[in-house]
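Descriptive structure summary
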Amino acid sequence: MHALLLEAPNRFSVTERPLPERGDRDVVLRIHRAGICATDITTIKGESPVAIYPMTPGHELIATVEEPAAAAPAFAKGDWVTIYPTQGCGHCNACARKEDNHCATFRVQGVHRDGGCFAEFMVVPEDRLLAVPATLRNDAGALIEPTAVATHAIRRSALKSGQRIAVIGAGSIGLLIAQAAKAAGAGYVAVVDRLPERAETCRALGFDQFVLSDGNLARTLAQYGEFDIVFDNVGAPATLAAAVDGLRTRGTLVMLAFPHGSDPVTLPYPKVYRKELDVIVSRNYAREDFTASIALLEGGKIDAARMITATYPLTKFADAFSDLRNNPARHLKILISPKEQV
Ligand SMILES: [Zn+2]
Ligand SMILES: [Zn+2]
C-alpha cells in the first residue's frame, strides 16, 4: 500500500509499505480522509518526546472497513468508521477504571506507534472503532477526533449556559472549543490570537469578539470584562497571566497546551489565590467525548467547511506539510486523501 514513511526527523516520503500484520480481532480500514494535526507536525519535525522512527504517522481519520475482524466481527465490510485511538495497557488501575486515556503507558497508533493513517490502509483493533453516522460520511468525519478534544475541554470546564468565556489561541483546537462552547450555551465568546487573519474566521463563526494578542494581552483581554472560564491553548507565561487577569473571582482556567520539554509552568499565584480560581487541565479526550463530538458535528454546530482549509492527495504530503507550516494564517485543518483526485 501507499503510505507516508517517516524515517527520521524531517526525512519522509510517500512509498510502498506492507500492510501491518493483523490478529483475529483487528480490522483493515480503507482510509477516506486523514487530518494533519499539530502532533503530526511535532512528530515530523522531531520535536515529539514520544515519537519513534521509522513510522507512518496520523491519527485523525474517517474510513470504511475493508476487511472485518476474523473473530466475531461487530463491523462489516463497507461500514463507515473512525477510531478512538488511545490504547491503554489493559491492566493498570486507570485501565481498570476504563480510563485508558489516563493509563501511564497508553499508546496512540500514528503518534507513539507505527501504523498511522497517512496511508491507504490501517490495521486497528476492532474495539477502537466508532460508527460514523450517515451525515458525516464525508470530510466532516475527519473532524470527529479533534472535536473530541474540544468536547473533553468543555466537559472538564463544567461550562454553564449563559457564561462568558475566552479562548486563547485560535488554531483548529481553539476554534473547535469556541464552537463547542457556543453549542453548550456560552453567553459570550471571545477568541484571542496573534494572527490578525483569524478575525475574519471568528466573525464568520459568529463569536462575539476577536482579540488580537498585541504584546500586552492581559490589558487587552481585561477590556472585554470578566470571564467565567478561560481556555488557554498556548501555555506561555504571558497567556496564562492574561487568563488569570481576565477571570472573575472563582472563575475557571482550563489549560490545554501540550508540554514541550520539562519546564515548569508559570502562573501568577498570588492572583490565582486571591481570586480562588479553579485551575483545570484538559488532556486529549476519553472515549465518551467522541459521542459528544459526533453529536455536535451532526447537529451542524461545527462549521466543517470553514475548519477544513485544504485537501491534498497523499502523494503530495510534502506540499501539504509545507503549506501548513508556511501559511499558518491561511490554514486550520488540512486533510490528506489516499485518492489522487480529492
Ligand atoms: Zn490530533
Ligand atoms: Zn493501563
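Residues numbered from 1 in each chain as written. Chains lettered and ligands numbered in written order. Predicted model: local features only at pLDDT ≥ 70, side-chain atom pairs only at ≥ 80, totals over all residues.

Each helix and strand counted, the protein has 11 helices and 17 strands in total. Compactness check: the protein gives a C-alpha radius of gyration of 20 Å against a globular reference of 20 Å for 342 residues, within 12% of the reference. Seen along its three principal axes, the alpha-carbon backbone of the protein occupies a region of about 60 × 45 × 40 Å. Expressed as a percentage of its 342 residues, the buried residues of the protein come to 45%. Residue pairs in contact within the protein that sit at least 24 positions apart in sequence constitute 69% of those at least 6 positions apart. (Helix = DSSP H or I, 4+ residues; strand = E, 2+ residues; numbered from the N terminus. Rg over C-alpha atoms; globule rule 2.2 N^0.38 Å. Buried ≥ 20, exposed ≤ 12 C-beta atoms within 10 Å, placed from the backbone. Contact = placed C-beta atoms within 7 Å.)

Frequently, the measure chosen for interface size is the accessible area removed from exposure when the parts meet. Assigned domains within the protein: domain 1 (2-132 + 303-337) and domain 2 (150-281). Computed over C-alpha atoms, the centres of domain 1 and domain 2 are 29 Å apart. Across the boundary between the two partners, domain 1 contributes 8 residues, which contact 9 residues of domain 2. (Domains from an automatic or database assignment.)

Moving on, we come to the environment of Asn138. Position of Asn138 relative to the elements: it lies in the loop between strand E9 (129-131) and helix H3 (144-157). Considering only alpha carbons, one finds Asn138 and Ile62, 76 residues apart in sequence, at a separation of 7.9 Å.

Within helix H1 (residues 38-45), the full set of buried residues consists of Thr39, Asp40, Thr43 and Ile44. Each buried residue of H1 lies within a common arc of 130° when the element is viewed along its axis, so the set occupies one face. In this fold, the buried residues of H1 make contact with strand E1 (2-8), strand E2 (11-16) and helix H11 (317-326). Directly beyond the C-terminal end of H1, a positive phi value near 80° is found at Gly46. (Arc of directions from axis to C-beta.)

As a further point, take the sheet that holds strand E13 (residues 227-232). As summarised here, the arrangement of the 6 strands in space is E12-E11-E10-E13-E14-E15, forming an open sheet in which the pairing is parallel. Edge strands, defined here as strands with exactly one partner in the open sheet, are strand E12 (209-212) and strand E15 (278-281). On average, each strand axis in the sheet is tilted by 20° relative to the strand beside it, whichever way the strands run. The strands touched by helix H4 (residues 172-183) are strand E10 (164-168), strand E11 (188-193) and E13; relative to E11, the strand with the most contacts, the crossing angle is about 175°. (Pairing = 2+ DSSP bridges. Axes fitted to C-alpha atoms, helices over the stretch in contact; angles between N-to-C directions.)

Helix length check: H4 (12 residues) gives 16 Å between terminal C-alpha atoms against 16 Å at 1.5 Å per residue, within 8%. The buried count for H4 comes to 10 of 12 residues, which makes it a mostly enclosed element. All of the buried residues along H4 are Ser172, Ile173, Gly174, Leu175, Leu176, Ile177, Ala178, Gln179, Ala180 and Ala181. (Expected span 1.5 Å × (residues − 1).)

With that out of the way, let us pick up the nonpolar core. Grouped together as the largest cluster of nonpolar side chains are 98 residues, with contacts concentrated most on Leu4, Ile165, Ile177, Val191 and Phe231. Among the elements that take part in this core, H4 stands out by supplying 7 residues, more than any other. Two domains each provide a minimum of three residues to this core, namely domain 1 (2-132 + 303-337) and domain 2 (150-281). In contact with Phe231, other than residues within four places in its own chain, are Ala153, Ile165, Val167, Ile168, Ile177, Val254 and Leu256. (Core = buried A, V, L, I, M, F, W, Y, C linked by C-beta atoms within 7 Å.)

Attention now moves to the packing of H3 against helix H9 (residues 287-298). Running from N to C, H3 and H9 cross one another at 110°; their axes reach a closest spacing of 8 Å. Taken as axis vectors, H3 and H9 run roughly perpendicular relative to one another. Across the interface between the two elements, Ile144, Thr147, Ala148, Thr151, His152 and Arg155 from H3 touch Asp289, Phe290, Ala292, Ser293, Ile294, Leu296 and Leu297 from H9. (Parallel < 35°, antiparallel > 145°, perpendicular 65-115°, else oblique.)

With that out of the way, let us pick up the environment of Val123. When you line up the elements, Val123 lands in strand E8 (residues 121-125). Residue classification places Val123 among the partly exposed positions, given that 18 C-beta atoms sit within 10 Å. Ignoring any residue separated from it by four or fewer positions in sequence, one finds Val123 in contact with Leu19, Pro20, Arg22, Asp26, Val28 and Gly115.

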